[in-house]
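Chains, contacts and geometry: an overview
Take a look at the letters that make up each chain.
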Amino acid sequence: MFLLAVFAKGPFMRTSSHIFTISSLLAICAGTTSAQNWTNSGGNQGRNGLNNVLGPTAPTLRWSGGRSSIIAWQPVTAGNRMFVVRQTGFPPGGEPNGSPVVAYNIETGAELWAANIPFDTGDWTTWIAGVSNGKVYASRGGNGASVSAPLYALDAATGGVVWTTPIEINAGAYDGVVFADDGDPVIASFRTIWRINADDGAVVWTAPRTASVSGNCGGAIGNGGVYIVDAVPGGNAVKKFDLATGAFLYQSATIPGFTIQNTPMVAPDGTIYLSRTQNNVAVDFFYAFTDTGSAITERWNVPAGWSTGSEFGVMPDGSVLMMGPGDSTGRVIERRAAADGALIASSEPIPADFLTPRFAIDSRGTIYFSNGAFSNGRLFSFDGQLNELWSAPVTNINIGGPALAADGTLIVVGNSTQVRAYYTEPQGGCPVCAADYDESGGVDGDDIAAFFADWQSGADCGDVDGSGGIDGDDIPFFFERWQAGGC
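Predicted model only: the values in this text are computed from it and were never measured. (Residues numbered from 1 in each chain as written. Predicted model: local features only at pLDDT ≥ 70, side-chain atom pairs only at ≥ 80, totals over all residues. Heavy atoms only, no water.)

1. Comments concerning the overall build of the protein chain
What the protein chain contains, in helices and strands, is three helices and 35 strands. If you line up the protein chain on its principal axes, its C-alpha atoms span 70 × 50 × 45 Å. The burial tally for the protein chain puts 59% of its 487 residues in the buried class. Residue pairs at least 24 apart in sequence account for 50% of intrachain contacts in the protein chain once pairs closer than 6 positions are excluded. Looking at the protein chain as shown, the accessible area adds up to about 17,500 Å², and 52% of this sits on carbon and sulfur atoms. (Helix = DSSP H or I, 4+ residues; strand = E, 2+ residues; numbered from the N terminus. Buried < 20%, exposed > 50% of the residue type's maximum accessible area, 1.4 Å probe, protein only. Contact = heavy atoms within 4.5 Å. Areas by Shrake-Rupley, 256 points an atom, 1.4 Å probe, with all protein chains shown as cover.)

Quick look at the structure:
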């Protein structure tokens, strides 16, 4: 077994040694990994908000502007493009061209194209399901599952229609959509789950389900399955369906409570999380579950603050971010250990509305958070101990982000012309992605050599953990990301 021993010495290094086993790491050198796009509501198929890029360290605008909108909708990204619906009126009077899908250049803010989804009498506002493998998915279904319409696949480069589903879906913007590894959209609505073939729009499978409230019924993918939350006698239960076939597999024990308007999320370690709230302290709890392969078992639960249409988050170390109950002065964000729910950190009370709180977390563990409010909507950034780093008002932010693009740009949208891109230029030309240190487009052994050349010489870019100094902590930070193939 080959061991790499790096001895810290010099004024900028520790006096301890760090030994890393890299023979196993070299096995993954043949593969390449790119920075992660924000593909859907929740950012990825687990809807856990964790991204492998480095986000902005300050509220520095790369650009702002864009088309006006009366309400903010979820932005999604692919490469250097961002896609969002900008709405000028509600149906029917505001249509047929009142809710176009608009593509923007992430680097400049230039509008690249706009496409109107065909409007039939009775259709609803266009919403974007997500973007995957060169296709942007959008529909006019929804409005609390009262409207059904086809799902459209648009060419991400041009906005042209690639295909339309032969069936209609009634999911909406607050349900969200997740993507299987091959890019197939998986859509969970009020009474049905669909998997759609990404190549031609054909239905791969459908499965029945029974959610408690329409319009907030989405699913999450993990552990080879699709997780949703359904109403059952006495409350709710987390259910798992086979991702390949749609077959129902098993469900958790009954969770007390009546209505629920949050979706489950799945952490990279396979833990299933659910904020099961209905504005009743007796039954408002945040749950962690384990999927054993044959059952979904409760690991722990703690009191939670009420929210709807929310997307929560997971930190790089596996700990989870949730909304705590807070007190009369405001709500709090809590960070809790995955193993037992122990409280790691809590924010100061935030005196604002929390309608649809949403998280994005970068690879360094910087937290970006939206309170989802209207008149007092706000975007926040916190460190891992939930100390506020900065914040900015975003009127009517609703579900308009935060979303982290592949180059580390943070996108948020509000109403009016509030399309904003925050960005921090890498220090001194340093790489945006720590793992792809030589910026070759792939993660391989050359990145190790490039990182250690800077680290040993004391070059600024060797400070990959952003501590402000080059020391032994940068080494495990780099290797954790290199081994994972992410930033």
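2. A word on the packing of aromatic side chains
For the coordinates displayed, the defined rule picks out 27 aromatic pairs. The interplanar angle of 75° and the centroid separation of 5.3 Å between the aromatic rings of Phe478 and Phe479 together place this pair among those described as edge-to-face. Neither Phe478 nor Phe479 differs from the other in exposure class; each is buried. Connected via pairs of aromatic rings, a cluster forms that spans Tyr273, Phe286, Trp300, Phe312, Phe359, Phe369, Phe380 and Phe382. The ring of Phe190 has Arg191 lying over it, and the distance from NZ or CZ to the ring centre is 3.8 Å. The ring of Phe248 has Lys239 lying over it, and the distance from NZ or CZ to the ring centre is 5.9 Å. (Phe/Tyr/Trp six-rings, centres within 6.5 Å; stacked < 30°, edge-to-face > 60°. Lys NZ or Arg CZ within 6 Å of the ring centre and 35° of its normal.)

3. Here's the deal with the side chain of Glu95
Counting through the fold element by element, Glu95 comes out in the loop between β5 (81-85) and β6 (101-105). A distance of 2.8 Å separates the side chain of Glu95 from the side chain of Ser99, its partner in a polar contact. (Polar contact = N/O pair within 3.5 Å; in protein donor to acceptor, adjacent residues only side chain to side chain.)

4. Brief notes about the sheet that holds strand β7 (residues 111-115)
Read across the sheet, four strands follow the order β4-β5-β6-β7 without closing on themselves; strand pairing throughout is antiparallel. At either end of the open sheet lies a strand with only one pairing partner, and these are β4 (76-78) and β7. Neighbouring strand axes in the sheet, compared pairwise and without regard to direction, differ in orientation by 20° on average. Alignment of β5 against β6, held across five bridges, turns out to be antiparallel. By the bridge assignment, Phe83 is partnered in β6 with Ala103. (Pairing = 2+ DSSP bridges. Axes fitted to C-alpha atoms, helices over the stretch in contact; angles between N-to-C directions.)

5. Comments concerning the pattern of salt bridges
Opposite charge on two side chains allows them to pair when their charged atoms are near. Summed over the entire model, instances satisfying the criterion amount to twelve salt bridges. Between Glu111 and Arg67 there is a salt bridge, with the nearest N and O atoms lying 2.8 Å from each other. Placement of Glu111 in strand β7 and of Arg67 in the loop between β3 (61-65) and β4 is noted, with a sequence separation of 44 residues between them. Since its relative accessible area comes to 38%, Glu111 is described here as partly exposed. Take Arg67: its relative accessible area is 33%, and that puts it in the partly exposed class. Here Glu95 makes a salt bridge to Arg140, at a shortest N to O gap of 3.0 Å. Placement of the pair is Glu95 in the loop between β5 and β6 and Arg140 in the loop between β9 (135-139) and β10 (149-155), with a sequence separation of 45 residues. Grouping residues by exposure puts Glu95 and Arg140 together as buried. Within this structure, Asp182, Asp184 and Arg195 form a network of salt bridges that share partners. (Salt bridge = Lys/Arg side-chain N within 4 Å of Asp/Glu carboxyl O.)

6. A word on the sheet that holds strand β23 (residues 285-291)
Here we have four strands laid out as an open sheet, ordered β21-β22-β23-β24, and antiparallel in their pairing. At either margin of the open sheet sits one strand with a lone partner, and together these are β21 (265-266) and β24 (296-303). Of the strand pairs in this sheet, strand β22 (residues 272-276) and β23 are connected by five bridges, and their pairing is antiparallel. Counterpart to Leu274 in the pairing with β23 is Tyr287.

7. With respect to the nonpolar core
For soluble globular proteins, the rule of thumb is that nonpolar side chains tend to be buried together. Judged by nonpolar contacts, the single largest core of 33 residues is most densely connected at Phe83, Val101, Val136, Tyr137, Leu151, Leu154 and Ile187. Here Leu154 is in contact with Val101, Trp113, Ala115, Ile117, Gly134, Lys135, Val136, Gly159, Gly160, Val161 and Val162, once residues within four sequence places are set aside. Grouped together as the second largest cluster of nonpolar side chains are 28 residues, Phe286, Val302, Met315 and Phe354 included. (Core = buried A, V, L, I, M, F, W, Y, C linked by side-chain atoms within 4.5 Å.)

8. A closer look at the confidence of the model for the protein chain
Taken as a whole, the protein chain shows an average pLDDT of 89; of its residues, 91% reach a score of 70 or greater. Here residues 1-33 is modelled with pLDDT under 50, and outside its nearest four sequence neighbours on either side it reaches 68 contacts, counting other chains as well. (pLDDT = per-residue confidence, 0-100.)

9. Re unusual backbone geometry
Following Pro91, the chain continues to Pro92 via a peptide bond in cis, the omega torsion being 0°. Omega for the bond connecting Gly401 with Pro402 falls within 30 degrees of zero, at 10°, which places this linkage in the cis form. Among the structural elements, Pro402 can be located in the loop between β32 (388-393) and β33 (403-404). Non-glycine residue Ala145 carries a positive phi angle of around 65°. By secondary structure assignment, the location of Ala145 is in the loop between β9 and β10. Accessibility expressed as a relative area gives 18% for Ala145, which makes it buried. If you check the backbone angles, Asn398 has positive phi at about 45° while not being a glycine. By the secondary structure assignment, Asn398 is in the loop between β32 and β33. The exposure class of Asn398 is buried, given its relative accessible area of 2%.

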